[in-house]
Amino acid sequence: MMEAISPTYFVFLSLFIFCAGIAIIIIKRSAIFVLIGIELMLNAANLNLVYFSQYDPGMNGLMTSVFVVVLAAAEVAIALAILLNIFKHYKITDPDELTSLKN
Amino acid sequence: MIASILTYIFTAITIAPIVYILITKNVIRAVFSLAFSFLGLSGLYVLMNAEFMAVVQLLIYAGGIIVLMVFGLMLTKTTLNKGFITQHRSLFFGSLVSFLLFISLAALATRSGFKVGFTEHAGDPVAQIGQLFLTDFIIAFEVVAFLLLVALVGASYLAKKSGE
Amino acid sequence: MTLIKTIWPLIFILPLFSGIIGGLNSKQSLKLSNFGIGAGLLFSIILVWLLDEPLILEWKWLEGVSFGFSIDRLNAMLVLLVYLITLLVQVFSITYMEHDPDQGRYTAKLGFFAFSMVGLLMSNQLVTLFLFWELVGMSSYLLIGFWYQEAARSKAARQAFMINRVADAFLLLGVIQVFNNGYATSFTEILSSGNQWDGFTGLCFIIGAFGKSAQFPFYGWLTKAMAGPTPVSALIHAATMVTAGVYLLVRISPVLIEWNLQVIAIGGAVTAFMAAVAALTQFDIKKVLAYSTISQLGYMILGIGVGAYQASVFHLWTHAFFKAGLFLAAGSVIHYMHELDSSKDAQDMRNMGGLQKILPVTFYAFLICGLALSGLPFLSGFLSKEGILTGSWLWGQSTGNYLVPVLAFCTAGLTAFYIGRQILLVFFGSSSFTQKIIEPMLTIRVPLIFLAVSSLWFWNSLNPINPLGWFWNSYLFADLGATSAQHSILGVLIGSIGLSLAGLGVAYWLYRPEAELTQNFKNSKEPAQLVGKISFHGWYIEKFYDQIVLLFSKIVAGAGWFDKKVIDRFVDGMGVTGVVMAKVIGWFDQNIVDGLVNFMASISQLIGRFVTSFQSPKIQIQIGWLLLTLLVLLLWFQFLT
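Residues numbered from 1 in each chain as written. Chains lettered and ligands numbered in written order. Predicted model: local features only at pLDDT ≥ 70, side-chain atom pairs only at ≥ 80, totals over all residues. Heavy atoms only, no water.

**Looking at the overall build of chain C**
Part 1 of the reasoning: Helix and strand counts for chain C stand at 25 helices and two strands.
Part 2 of the reasoning: Split into buried and exposed, the 641 residues of chain C put 54% on the buried side.
Part 3 of the reasoning: Here chain C displays about 27900 Å² of accessible surface, and carbon together with sulfur accounts for 69% of that area. (Helix = DSSP H or I, 4+ residues; strand = E, 2+ residues; numbered from the N terminus. Buried < 20%, exposed > 50% of the residue type's maximum accessible area, 1.4 Å probe, protein only. Areas by Shrake-Rupley, 256 points an atom, 1.4 Å probe, with all protein chains shown as cover.)

Laid out in structure tokens, this is it:
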């Protein structure tokens, strides 16, 4: 189905998403934004995996990307729970203002 | 031909929200545009013969993770009446790093010159995935299931403990 | 046999398990861990019985470096010895340590020691040997400092450890030399290749072995090591660990060149003599035994140097039994003294005397083991010492160097004297204790009786005066070929017996219960005349160590002086010149270059701000730098290599 478009196109697309994720992680002053950036980076990796796995009869890439999605879900749940705790204690969401984890 | 056009459309749907996230300072808008971006991605997955992945993307990301993030946002709303607006910092540095990384990785990708031979998958991909889960990937499958369970229980415990 | 071939590595895992199990349960730990050590003992007996060819286990670590263990007849026998003594010491400790709250830690440390000692004995590769060599030193340190709450004891542990470390550095150097020069790196290959080492490599190994076996000039650490519990001294600092150096030298002696062997012979003889002299005047019951251990180790080392290494191994074997017996008996005395009156120093012989009636089993054990040490016929010590003396005499005849045999014979006489003195002072004479306490439990008696009986001659050779009749000789050295003395010499035989009897006789004459010296002994002070002082302070070896430390600190201070007086002056001078220059340039600067400088300053400020952000505590910036580094590495590997 995809004969017309070269693989480099998708590699560039996923590169763009990845680098946008990095930029978001570095620039924004909110932990939620950092999470968004991480999700974007994971999705960039997924896009690559899924694209190349359509040429692989074993579908290893596709399987890996399913696991990536599951791990991302677990990671977001834990991260938000920690964020919630931190917020309750310190009333901050900026990761840079957080300097200690003990009370 | 139609596939190519659809690819470009979905690429645009994916990229435009990401650019918006980069620009905006409003967290809640960023989260919702992230959902749009994921929609575009799942469209791309459909075009790549990965319908299962597309559905997973919609269900877990657009459905689950986005909702989770919105909840997180609501619960961590600062009392200082700042709303969901945050600030940017080290704008120059961050852009520089990511831009340089993009340029150099792109250079690498161009140099490597991918060539792919096209192979059609025989049979139903979803059925194949199901079989793979229970044969080759069984250990990873079980481990990740356990991990997810532990993570979710742990998350709810962490969130609850602070409430007491 | 095939089963043994598969499971033999278990033999050095067992003590570790027993230590861990003992460490977990601190109430019953010593009793529990006896099962582990007992299993190991049984296992090693089976191994000694069934072993016909060396078993080797090896795996690669890095390119050209591998870990390896092997077991042949020599180390199977020594492993058996280690297990046997460990078991006896643990049984003894059940009573000795009964009031100590930290029995779990004690057992864990003992198990760790047994593990590392067995590992050392079974190491085939030199790297593995070095590893376990260090582990043994470490566990020795842990056990010396067992009562770490007392500052003096933990300090003694540190000192002993550091002295060992100096020698270990040389051993490491030797191992590195072996790798650099491309010699065979495992004992089996060393033996089969038959290449001689160069003298420097050999010397490094010799110094390493001298350190662990407490030879001159390293023997100071062994007296420090007496700060540990007495059963530990019996196990580590008399029977097993200190013989590691002897074992190493026996293993490598075929590849050492002539002058290396001479160094070994002379070093051993000098140490044997010096330590025997130092043992003459000590008041501490354990210190006498410590110096005696050093002296006997000197004998073993000497035996290797003169080529009589069979006799050395024989002496190692017999010495382990009678010296462990002596230490355990001393432990029993100390235990009793402590129970009786904890206000006095329980180790000081001036507080003892007349213990014969109160501790009969201890007395007979001490007597038999002590006479074995002094070298009377019908006891095991005589047989093995005779072999070494014969070897040294033959060596003297063939090389014309009579220093070694003369020192060895002097030591024989001195040994008999100081052990006779100790027996008389501790067990004979008037007793200052009136109450009659029945000797402690079975757990103290059984090891003592066992060790005393083992010191009789018939366990080793049916003929009580033939040092070559050792039962193990053909078992151990059949494939090596006999190289040491083929026959005993009548003159040496008579001389050795005569010197032992003379030493004991002099001791009896000087220290018999009614003699003047004995009467005054209880109030005696440190000796005042020169010879006595040298002996009492162990040839001032600790002063010597202190001087070395002082020397180093002086070197550092000298460097400081140089820095202050010379370099600082120079810098000051440069500074003055700089000021003058600056004044001249300042004018130029102010009037002409200023604009340019301001421009440069703003640029550097910009760069400074930029560079400051490297050190940001902010986590996001750090991620940025991380990625940038990744980028640089990526580009480097892709485009520049």
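**Considerations on the overall build of chain A**
Part 1 of the reasoning: Per the secondary structure count, chain A includes three helices and zero strands.
Part 2 of the reasoning: Residues counted as buried form 63% of the 103 residues belonging to chain A.
Part 3 of the reasoning: For chain A, contacts bridging at least 24 residues in sequence account for 51% of all contacts bridging at least 6.
Part 4 of the reasoning: For chain A, the exposed surface amounts to about 3600 Å²; the carbon and sulfur share of it is 68%. (Contact = heavy atoms within 4.5 Å.)

**Points about the packing of aromatic side chains**
Part 1 of the reasoning: Throughout the structure, instances matching the rule amount to 35 aromatic pairs over all chains.
Part 2 of the reasoning: Where A:F10 meets A:Y51, the ring centres are 4.5 Å apart and the plane angle is 20 degrees; that geometry is what we call stacked. A residue pair is termed long-range when its members are at least 10 positions apart, and A:F10 in helix α1 (residues 7-27) and A:Y51 in helix α2 (residues 31-53) qualify at 41 residues.
Part 3 of the reasoning: Residue classification places A:F10 among the buried positions, given a relative accessible area of 0%.
Part 4 of the reasoning: Residue class for A:Y51 comes out buried when judged on its relative accessible area of 0%.
Part 5 of the reasoning: Judged by centre distance (6.3 Å) and plane angle (55 degrees), the ring pair of C:F417 and C:Y511 falls under tilted. (Phe/Tyr/Trp six-rings, centres within 6.5 Å; stacked < 30°, edge-to-face > 60°.)

**Structural notes on the interface of chain B and chain C**
Part 1 of the reasoning: Contact with chain B, which involves 11 residues of that partner, is made by 12 residues of chain C.
Part 2 of the reasoning: Counting the surface lost from both chain B and chain C, the interface buries some 1100 Å², and carbon and sulfur atoms represent 82% of this.
Part 3 of the reasoning: Counting across the chain B and chain C interface gives zero salt bridges.
Part 4 of the reasoning: Looking at the side of chain B that touches chain C residue by residue, the classes come out as seven nonpolar, two polar and two charged. (Buried area = accessible area lost by both parts, 1.4 Å probe. Salt bridge = Lys/Arg side-chain N within 4 Å of Asp/Glu carboxyl O. Nonpolar A, V, L, I, M, F, W, Y, C, P; charged D, E, K, R; others polar.)

**Overview of the interface of chain B and chain A**
Part 1 of the reasoning: In this complex, chain B contributes 83 residues to the contact, which on the side of chain A involves 71 residues.
Part 2 of the reasoning: Together, the buried faces of chain B and chain A total about 7100 Å²; carbon and sulfur atoms form 80% of this surface.
Part 3 of the reasoning: The interface formed by chain B and chain A holds eight residue pairs in polar contact (both at pLDDT 80 or more) in total.
Part 4 of the reasoning: Of all elements in the fold, only α1 (2-23), α2 (27-47), α3 (51-75), α4 (91-112), α5 (125-134) and α6 (138-163) of chain B reach the threshold of two or more residues within the side of chain B that touches chain A.
Part 5 of the reasoning: Its residues assigned to classes, the side of chain B that touches chain A shows 55 nonpolar, 25 polar and three charged. (Polar contact = N/O pair within 3.5 Å; in protein donor to acceptor, adjacent residues only side chain to side chain.)

**A short note on the pattern of salt bridges**
All names here are of chain C.
Part 1 of the reasoning: As enumerated under the stated definition, the model contains five salt bridges over all chains in all.
Part 2 of the reasoning: Residue R105 is joined to D102 by a salt bridge in which the shortest nitrogen-to-oxygen separation is 2.9 Å.
Part 3 of the reasoning: Here D168 ties to R165 by a salt bridge, and the two come within 2.6 Å at their closest N and O atoms. Of this pair, D168 and R165 both sit in helix α7 (residues 151-181), three residues apart, roughly one helical turn.

**Some details on the packing of helix α4 (residues 73-96) of chain C against helix α11 (residues 230-239) of chain C**
Residue and element names in this part refer to chain C.
Part 1 of the reasoning: Running from N to C, α4 and α11 cross one another at 160 degrees; their axes reach a closest spacing of 8 Å. Classified by the angle their axes make, α4 and α11 are roughly antiparallel. The crossing of α4 and α11 is right-handed. Across the interface between the two elements, I85, T86, V89, F92, S93 and Y96 from α4 touch T230, P231, A234, L235 and A239 from α11.
Part 2 of the reasoning: Taken together, the residues of the contact of α4 with α11 sort by class into eight nonpolar, three polar and no charged. (Axes fitted to C-alpha atoms, helices over the stretch in contact; angles between N-to-C directions. Parallel < 35°, antiparallel > 145°, perpendicular 65-115°, else oblique. Left-handed = near helix turned anticlockwise from the far one by under 90°.)

**Points about the environment of B:A151**
Part 1 of the reasoning: Structurally, B:A151 is set in helix α6.
Part 2 of the reasoning: Judged by relative accessible area, which is 9%, B:A151 ranks as buried.
Part 3 of the reasoning: The residues contacting B:A151, other than those within four sequence positions of it, are A:A74 and A:I78.

**Considerations on a nonpolar patch on the surface**
Residues and elements named next belong to chain C.
Part 1 of the reasoning: Where nonpolar side chains cluster on the molecular surface, the patch consists of L3, I7, L10, I13, F17, I20, I21, L24, L32 and F35 and spans about 990 Å² of accessible area.
Part 2 of the reasoning: Among the elements that take part in the nonpolar patch, helix α2 (residues 10-24) stands out by supplying six residues, more than any other.
Part 3 of the reasoning: In this fold, I21 is placed in helix α2. (Patch = residues over 30% accessible without salt bridge, like charges linked within 9 Å, V, L, I, M, F, W, Y side chains within 5 Å.)

**Digging into the pairing of strand β1 (residues 55-62) of chain C**
Residue and element names in this part refer to chain C.
Part 1 of the reasoning: When β1 meets strand β2 (residues 65-71), the two strands line up antiparallel, connected through seven bridges. Counted as the bridge partner of L57 is F69 from β2.
Part 2 of the reasoning: The loop that links β1 with its antiparallel partner β2 comprises two residues; one of these, G64, has a positive phi angle of about 85 degrees. (Pairing = 2+ DSSP bridges.)

**Considering the packing of helix α14 (residues 285-305) of chain C against helix α18 (residues 403-427) of chain C**
All names here are of chain C.
Part 1 of the reasoning: Contact geometry of α14 with α18 gives a least axis separation of 11 Å together with a crossing angle of 155 degrees. On the basis of their axis angle, the class for α14 and α18 is roughly antiparallel. Read as a crossing pair, α14 and α18 show a hand that is left-handed. Across the interface between the two elements, I285, V288, L289, S292, S295, Q296, Y299 and L302 of α14 pack against V404, A408, T411, A412, T415, Y418, I419, Q422 and V426 of α18.

**Comments concerning the side chain of B:T14**
Part 1 of the reasoning: One can find B:T14 in helix α1.
Part 2 of the reasoning: Judged by relative accessible area, B:T14 falls into the buried class, the value being 0%.
Part 3 of the reasoning: If near-sequence neighbours (up to four positions away) are discounted, B:T14 is found in contact with A:I17, B:S37, B:G40, B:L41 and B:L44.

**Quick look at the confidence of the model for chain C**
Predicted coordinates in areas of low pLDDT are best not read in detail.
All names here are of chain C.
Part 1 of the reasoning: Looking at chain C, pLDDT values average 83 and 95% of them are 70 or higher.
Part 2 of the reasoning: Note on residues 481-485: pLDDT is under 50 here. Beyond four places in sequence and across chains, it has 12 contacts.
Part 3 of the reasoning: Prediction confidence for the complex, expressed as pTM and ipTM, is 0.64 and 0.86 respectively. (pLDDT = per-residue confidence, 0-100.)

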